[in-house]
Amino acid sequence: MGISRNNRREFLRNLCCVAAGGGVAAMVPQLRMMSTALASTSSLTGYKALICLYLNGGNDSWNMLVPFDTTRFNTYTTSRSGTYNSGTNPGGLGLTLPTGSQVALQKVIDTTDSSQYFLHPNLGDISASSTQLTTLFNQKRLAFITNVGPLNKPINKIDYNNSSANRPPQLFSHADQTAQWHQGNTKTGTAIGWGGLLAENLATQGANLTSNPTLPLAISIAGANRFEVGSSSIPYQMSSNGLIGLNGVCNPTPNCNGSAYSGARDAALNDLLTESYSSAFAGEYNTVIGNARNLYTKMGPDLPPTSTAYVPNITWPNTGIASQLKTVATMIKLAKTKNYAQRQIFFVQIGGFDLHSGYWSGNNGHPVLLGQVAAAMTAFWTAMGTIPGVQTGTTAQDETALFTVSDFARTLQSNGAGSDHAWGSLQMVMSKKVNGGKLYAHGDKLSGFPDQSLSAAQSFSRGQMIPGIGVEQYAATLAKWMGVADSNLNAMFPNLANFTTRDLGFMAP
């Protein structure tokens, strides 16, 4: 039987009123539960987790890693409208070449061809005792993927100008480029993300080892996102503040532990949850709320604010992105200890990168944002080192891979106060299983890095880079490491067949 729009709206209103007696659970479950039957045994081995760190707003990634040699550094500086100086060149976007003691704290060498670069000072080792991203790169735990972005197929500037069919739709648009990054393709009119499809593929291989209730493989600590939406599932959402149950009703169920609750409210909710609904919509919503409460019962006693038993005991920075990664680390430790899953996919994000102006300004500027990212990544790396791995002598550093994503990079050229929307960007991958200490790039790029001259062969007049690597190649490399068979990658990434290189090689098995 169908359900009218008015009845559907009334049902939701009544159910929300029942739950509105206090804070709704911070952990909001998917509105569509996974329909794929989970395998009773797993074809996967060990444990692996993939963490997507989204830099929301379009990160100016060409200031994350800068050529160190004189010729290319001078090209970079010219294209960036000169070196920034608050007095003489406030519109410049260029970084200062490190000298003296800073060289050791920022300089890195691409082990493929010995070309030299330096990290943004807020990404590198900003003090000799602080192990940040310079050290991780030199220890081959960090890799840079250069000039990557949404593509229909490999193209150059001539292809771009010859036909609009060669171009992804709605270039330079936040919403559209974000969607294409999260989807892993350039299709329009779809809400399915490659992280969600990855979770569903892994579920068919038995990656989820729990039942009654089952903890979904895709978990977001940053709200709704397209990346983790599958064909029949959306991510399990939770707050970085931990689990919070419904107020005024029985949590956990069915044992109220003798506490006083609003009898009418609790009875009303329980009546709704035990009702048999002829409407598929109402029945599914009923299942969602029930599963949410069951999952709270299952995990609430082990997670903040009830317990800190599984929070890695390290020093965490006091920032939003660090709090999100702290929750991811806690969930990884809990899942491994309780044997909840062999594979997990997490989503976290930090915003503020849409810096058309205020690029260098105070606590909201680009340097501060990069510093927060580096400190949070470093803390997460340290936390993973405290969690034992499945294999003897390993830790969760061997079992996790954190990768960055952003809408797009920014123009190399300044607009006078910041930078504007562009296309191809630079991204990072951090793991003990990364083939790090290298730059991964399109084959015709000098030393793994594009020519940063304005209007170069692979860029437009303001330094908007045409990607040499497609999002599909970047994502497929990570999906394959997680356990997706090569034969299934084309279905997950429809444009992957257009690229000669399917696996960029930055992840070891």
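Source: prediction; values computed, not measured.

Here's the deal with the overall build of the chain
So, point 1. Of regular secondary structure, the chain possesses 13 helices and 12 strands.
So, point 2. Taking all 509 residues of the chain together, the buried fraction comes to 55%.
So, point 3. Accessible surface for the chain amounts to roughly 19700 Å². Of this, 50% is attributable to carbon and sulfur atoms.

A short note on the side chain of Thr134
So, point 1. Turning to its location among the elements, Thr134 is positioned in helix H4 (residues 133–138).
So, point 2. Here Leu105 takes part through its backbone oxygen, which lies 2.8 Å from a polar atom of the side chain of Thr134.
So, point 3. Residue contacts for Thr134: discarding those within four places in its chain leaves Ala104, Leu105, Gln106, Lys107, Val108, Leu119, Leu123, Gly124 and Asp125.

A few points about the packing of helix H7 (residues 194–204) against helix H12 (residues 471–482)
So, point 1. Orientation of H7 relative to H12, taken along the N-to-C sense of each, is 20°, at an axis distance of 11 Å. When the axes of H7 and H12 are compared, the pair comes out roughly parallel. When you trace H7 past H12, the crossing you get is right-handed. Across the interface between the two elements, Trp194, Leu198 and Leu202 from H7 touch Ala475, Leu478, Ala479 and Met482 from H12.
So, point 2. When its residues are assigned to classes, the contact of H7 with H12 shows seven nonpolar, no polar and no charged.

Describing helix H6 (residues 174–183)
So, point 1. Judged by how many residues are buried, H6 sits mostly within the fold: seven of 10 residues are covered.
So, point 2. Every buried residue of H6 is listed here: Gln177, Thr178, Ala179, Gln180, Trp181, His182 and Gln183.
So, point 3. In the stretch just after H6, Gly184 is the one whose phi turns positive, near 80°.

Notes on the nonpolar core
General note: in soluble globular proteins, nonpolar side chains tend to be found buried as a group.
So, point 1. Formed by 69 residues in total, the largest nonpolar core has its most connected members in Phe144 and Phe380.
So, point 2. Phe380 has contacts with Ile51, Trp316, Leu325, Val328, Ala329, Ile332, Thr400, Leu402 and Met430, leaving out every residue within four places of it along the chain.
So, point 3. Counting 44 residues, the second largest nonpolar core, distinct from the first, contains Tyr54, Ala199, Ala207 and Tyr474.

So, the confidence of the model for the chain
So, point 1. Overall, the predicted model of the chain reaches an average pLDDT of 86, with 86% of residues at or above 70.
So, point 2. Below pLDDT 50 for its whole length, residues 1–40 participates in 81 contacts with residues either more than four positions away or in separate chains.

Some words on the side chain of Ser61
So, point 1. Relative to the helices and strands, Ser61 resides in the loop between strand E1 (48–55) and strand E2 (65–67).
So, point 2. Apart from residues lying up to four places away in sequence, Ser61 is in contact with Ala409, Ser425 and Leu426.

Some remarks on the sheet that holds strand E3 (residues 107–109)
So, point 1. The three strands are arranged E2-E4-E3 in an open sheet whose pairing can be described as antiparallel. The two strands at the open ends of the sheet, each matched to only one other strand, are E2 and E3. Recorded for the sheet is a direction-independent mean angle of 40° between the axes of neighbouring strands.
So, point 2. Note: E2 against strand E4 (residues 116–119), three bridges, orientation antiparallel. Paired with Pro67 across the strands is Tyr117, a residue of E4.
So, point 3. Packing against the sheet, helix H2 (residues 70–79) makes contact with E2 and E4, and its axis sits at approximately 120° to E2.

A few points about the environment of Ser114
So, point 1. Along the chain, Ser114 falls in the loop between E3 and E4.
So, point 2. In this structure, the C-alpha to C-alpha distance between Ser114 and Lys438, residues 324 residues apart in sequence, is 9.4 Å.

Regarding the packing of helix H10 (residues 320–338) against helix H11 (residues 366–384)
So, point 1. Relative to each other, H10 and H11 sit at 20°, their axes nearing to 9 Å. Considering the angle they form, H10 stands roughly parallel to H11. Once H10 is placed against H11, the crossing between them reads as right-handed. Contacts between H10 and H11 involve Ile321, Ala322, Leu325, Val328, Ala329 and Ile332 on the former and, on the latter, Gln372, Ala376, Met377, Phe380, Ala383 and Met384.
So, point 2. Here the residues of the contact of H10 with H11 are counted per class, giving 11 nonpolar, one polar and no charged.

Re the packing of aromatic side chains
So, point 1. This model, assessed by the stated rule, comprises 20 aromatic pairs.
So, point 2. A centroid spacing of 5.2 Å and a plane angle of 50° characterise the contact between Tyr117 and Phe449, whose relative ring orientation is tilted. Pair noted here: Tyr117 is in strand E4 and Phe449 is in the loop between strand E11 (439–440) and strand E12 (469–470), with a separation of 332 residues, a long-range link. Take Tyr117 and Phe449: they sit in the same class, and that class is buried.
So, point 3. For the pair Trp181 and Tyr474, a centre-to-centre distance of 6.0 Å together with 90° between the ring planes defines the contact as edge-to-face. One end of the pair, Trp181, is in helix H6; the other, Tyr474, is in helix H12, and 293 residues separate them in sequence. As far as the burial class goes, Trp181 and Tyr474 line up, both buried.

Cut-offs applied
- Residues numbered from 1 in each chain as written.
- Predicted model: local features only at pLDDT ≥ 70, side-chain atom pairs only at ≥ 80, totals over all residues.
- Heavy atoms only, no water.
- Helix = DSSP H or I, 4+ residues; strand = E, 2+ residues; numbered from the N terminus.
- Buried < 20%, exposed > 50% of the residue type's maximum accessible area, 1.4 Å probe, protein only.
- Areas by Shrake-Rupley, 256 points an atom, 1.4 Å probe, with all protein chains shown as cover.
- Polar contact = N/O pair within 3.5 Å; in protein donor to acceptor, adjacent residues only side chain to side chain.
- Contact = heavy atoms within 4.5 Å.
- Axes fitted to C-alpha atoms, helices over the stretch in contact; angles between N-to-C directions.
- Parallel < 35°, antiparallel > 145°, perpendicular 65-115°, else oblique.
- Left-handed = near helix turned anticlockwise from the far one by under 90°.
- Nonpolar A, V, L, I, M, F, W, Y, C, P; charged D, E, K, R; others polar.
- Core = buried A, V, L, I, M, F, W, Y, C linked by side-chain atoms within 4.5 Å.
- pLDDT = per-residue confidence, 0-100.
- Pairing = 2+ DSSP bridges.
- Phe/Tyr/Trp six-rings, centres within 6.5 Å; stacked < 30°, edge-to-face > 60°.

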